[in-house]
Amino acid sequence: MTALREGTLVPPLPPPPPPAEGGGATPAIPEAPAMAAAAEQAAAVSAALSELSALLSPAAPEAARAGAAEAALALSGDAAGRRLLAGRPEALRGLLELAAGPCPPAARPAAACLVNVSAEPAARGTLLAAVPALLGLLPGGAACGVLANLCRERGAARLVLQGLRECGGGWEPLLQALRQARPPPQLGPLLCNLSQLPEGRRGLLDRSRCSVQRLLPFTQYKDSVVHRRGIVGALRNCCFEYEDHEWLLSEEVDILPFLLLPLAGPEEFPEDEMEKLPVDLQYLPQDKQREEEPDIRKMLLEAIMLLTATKAGRGTVKDKGTYLVLRELHRWEPEPDVLAACEKLIQVLIGDEPGPGMENLLEVNVPEEVEQQLQRLDEEEEERWRREREARGSAPRPEEPSR
């Protein structure tokens, strides 16, 4: 209903825990002994954290620092532990020094702990101050993970982009990492979160580097759903730049088959329909599976929707047989919100062309009151989808149709 909002983000790594459920009787006010015991426990925790921070400092022996890093990693395994560490800047600084240090037994757990803690808002100030040091660790997976979590906020993403420019290498360390046999899984989320900003998208759409072309093969990447989700999110964000649509859809990039292939199943088409499809989508094998993650399927549909914003883009998307793939996806799709995104895109492809002055859908100004009304309807629709999912419970996914 509403226009697609700029700047897809990926969930924090790891995602923050769900809020505790309410309900039940109002707890009684603790009696004096219980309050004293709680205060004693809090003092013990504070003392333990102070000791841990001291062991993480450069003054501690190397073996003790490595053991402290392992203990901090274990502590960061749950929400309460992450919050405790996030409130200890001295511990975070010790972990940062270890992560950047020459001792792998200490560097690995320290870096992994920082990825976990970076999802906590209280840790952001200390970690943002260390962005130059974190950039020096790129394209390591842990550095990508910490920066991806920090870059969920636009200000932090802007700071990281500035740091990339100032360090001289720019985007190249990240783009080079895409050529590895197994790129760091956290690289995709980092690229996605950086591309929420126009300047981030311009970096990925730099034609001299062939940057966006390096992302395309990962829409089908099976080794890491985290990396795949981030890459698809980055591509979706790049599609907001309608000035680049003609280039993205041209043979030089040819983005459309890479967006459509994960949405395609093993269905056979009549010969006249098959000829309308891009070569990569013709005669797919009988065991072809669609993208298994609903949120990724939805982002793929949204990316194609953005490519239809201009008249030229709509023409190209229609001519490449996109409707045929969406028709079969619509018959198969089990998720209501993804199904709704599919229906909206189909409507654009089969509907009449917009009137004069509205050819570019991304430039159409929607009155504020209309936008608010559409946003309210979207929220109601999302709530309905949530209730339908809860009602279905753990219903099995429908299998791909056999032919």
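Source: prediction; values computed, not measured.

Definitions and cut-offs
- Residues numbered from 1 in each chain as written.
- Predicted model: local features only at pLDDT ≥ 70, side-chain atom pairs only at ≥ 80, totals over all residues.
- Heavy atoms only, no water.
- Helix = DSSP H or I, 4+ residues; strand = E, 2+ residues; numbered from the N terminus.
- Buried < 20%, exposed > 50% of the residue type's maximum accessible area, 1.4 Å probe, protein only.
- Contact = heavy atoms within 4.5 Å.
- Areas by Shrake-Rupley, 256 points an atom, 1.4 Å probe, with all protein chains shown as cover.
- Phe/Tyr/Trp six-rings, centres within 6.5 Å; stacked < 30°, edge-to-face > 60°.
- Core = buried A, V, L, I, M, F, W, Y, C linked by side-chain atoms within 4.5 Å.
- Axes fitted to C-alpha atoms, helices over the stretch in contact; angles between N-to-C directions.
- Parallel < 35°, antiparallel > 145°, perpendicular 65-115°, else oblique.
- Left-handed = near helix turned anticlockwise from the far one by under 90°.
- Nonpolar A, V, L, I, M, F, W, Y, C, P; charged D, E, K, R; others polar.
- Expected span 1.5 Å × (residues − 1).
- pLDDT = per-residue confidence, 0-100.
- Salt bridge = Lys/Arg side-chain N within 4 Å of Asp/Glu carboxyl O.
- Polar contact = N/O pair within 3.5 Å; in protein donor to acceptor, adjacent residues only side chain to side chain.

Colleague: Where do I start with the overall build of the protein chain in this structure?
Modeller: Regarding its fold elements, the protein chain presents 22 helices and zero strands. Relative to its full complement of 403 residues, the protein chain shows a buried share of 46%. Partitioning the contacts of the protein chain with sequence separation of at least 6, the portion at a separation of at least 24 is 75%. Accessible surface computed for the protein chain: about 19800 Å², of which carbon and sulfur atoms make up 55%.

Colleague: Sorry, what's going on with the packing of aromatic side chains here?
Modeller: What describes a pair of aromatic rings is the distance from one ring centre to the other and the angle between the planes of the rings. On inspection of all chains with the given rule, the structure shows one aromatic pair. Plain terms: the ring middles of F218 and Y221 are 5.2 Å apart, the flat faces sit at 70 degrees to each other, and that makes the pair edge-to-face. Using a relative accessible area of 8% as the deciding quantity, one classes F218 as buried.

Colleague: Could you clarify how one ought to interpret the nonpolar core in this entry?
Modeller: The nonpolar side chains of a soluble globular protein tend to be buried with one another. Within the largest apolar cluster, 102 residues are counted, with the highest numbers of intra-cluster contacts made by L191, L194 and I255. Other than its neighbours up to four places away in sequence, L191 contacts W171, L174, L178, L204, L215, I231 and A234.

Colleague: When you look at the packing of helix 2 (residues 62–75) against helix 5 (residues 104–117) in this model, what are you seeing that I'm missing?
Modeller: Helix-helix packing is described using two parameters, namely the angle between the two axes and the distance between the axes. Close contact between helix 2 and helix 5 brings their axes to 8 Å; oriented N to C, the two are set at 25 degrees. Between helix 2 and helix 5, the angle falls in the class roughly parallel. The handedness of the crossing between helix 2 and helix 5 is left-handed. Residues A66, A69, E70, A72 and L73 of helix 2 form the contact with helix 5, whose participating residues are P105, A106, P109, A110, A112, C113 and N116. Broken down by class, the residue content of the contact of helix 2 with helix 5 amounts to ten nonpolar, one polar and one charged.

Colleague: Got a minute to help me understand helix 18 (residues 294–307) in this structure?
Modeller: Residues spaced three or four apart along an α-helix face the same direction, because each turn holds 3.6 residues. The first and last C-alpha atoms of helix 18 sit 20 Å apart over 14 residues, in line with the 20 Å expected at 1.5 Å per residue. Most of helix 18 is tucked away: ten of the 14 residues are buried. Turning to helix 18, its buried residues are I296, R297, M299, L300, L301, E302, A303, I304, L306 and L307. Here the buried face of helix 18 lies against helix 14 (225–238), helix 15 (245–249), helix 16 (255–260), helix 19 (311–319), helix 20 (322–332) and helix 21 (336–350).

Colleague: What's the story with the confidence of the model for the protein chain in this structure? I'm lost.
Modeller: Segments scoring low in pLDDT should not have their predicted coordinates read at a detailed level. In the predicted model, the protein chain carries a mean pLDDT of 85, and 76% of its residues have values of at least 70. Below a pLDDT of 50 lies the segment residues 15–26, which in the model reaches two contacts outside its immediate sequence neighbourhood of four places, other chains included. Throughout residues 394–403 the model reports pLDDT below 50, and contacts reaching past four residues in sequence, or to other chains, amount to 21 contacts.

Colleague: Quick question: what am I supposed to make of unusual backbone geometry here?
Modeller: A negative phi angle characterises most non-glycine residues, just as the trans form characterises most peptide bonds. Omega for the bond connecting L138 with P139 falls within 30 degrees of zero, at 5 degrees, which places this linkage in the cis form. Here P139 is to be found in the loop between helix 7 (131–135) and helix 8 (141–150). Even without being a glycine, D254 presents a positive backbone phi close to 55 degrees. One can find D254 in the loop between helix 15 and helix 16. The exposure class assigned to D254 is partly exposed, which follows from its relative accessible area of 24%. Positive phi is not limited to glycine here, since Y283 has a value of about 55 degrees. For Y283, the position within the fold is in the loop between helix 17 (271–274) and helix 18.

Colleague: Would you mind showing me how to read the environment of T219 here?
Modeller: Tracing the backbone through its elements, the reader meets T219 in the loop between helix 13 (211–215) and helix 14. Between the C-alpha atoms of T219 and G230, which are eleven residues apart in sequence, the distance is 9.5 Å. The residues contacting T219, other than those within four sequence positions of it, are R228, V232, L235, F258, P262 and E291.

Colleague: Teacher, can you tell me more about the pattern of salt bridges here?
Modeller: Pairs can form between side chains of opposite charge whenever their charged atoms are close. Considering all chains together, one arrives at 20 salt bridges under this definition. For D244, the salt bridge identified is with R207, shortest N-O distance 3.0 Å. Here D244 is found in the loop between helix 14 and helix 15, whereas its partner R207 is found in the loop between helix 12 (198–204) and helix 13, with 37 residues between them in sequence. Since its relative accessible area comes to 15%, D244 is described here as buried. Here D254 makes a salt bridge to K320, at a shortest N to O gap of 3.9 Å. A residue pair is termed long-range when its members are at least 10 positions apart, and D254 in the loop between helix 15 and helix 16 and K320 in the loop between helix 19 and helix 20 qualify at 66 residues. Given a relative accessible area of 26%, K320 falls into the partly exposed group.

Colleague: Quick question: what am I supposed to make of the packing of helix 2 against helix 4 (residues 89–99) here?
Modeller: The contact between helix 2 and helix 4 brings their axes to 11 Å, and the two run at 115 degrees. In the packing of helix 2 onto helix 4, the handedness of the crossing is left-handed. Residues R65, A69 and A72 of helix 2 touch helix 4, and the partners they reach there are G94, L95, E97 and L98.

Colleague: For this particular structure, what's the right way to read helix 14?
Modeller: For helix 14, spanning 14 residues, the distance from its first C-alpha to its last is 20 Å, which sits close to the expected 20 Å at 1.5 Å a residue. Across the 14 residues that make up helix 14, a large majority, twelve, are buried. Taken together, the buried positions of helix 14 are H227, R228, R229, G230, I231, V232, G233, A234, L235, R236, N237 and C238. Buried residues in helix 14 make contact with helix 11 (187–194), helix 12, helix 13, helix 15, helix 16 and helix 18. Where helix 14 begins, the capping side chain belongs to S224, and its oxygen is found 3.4 Å from the backbone nitrogen of V226.

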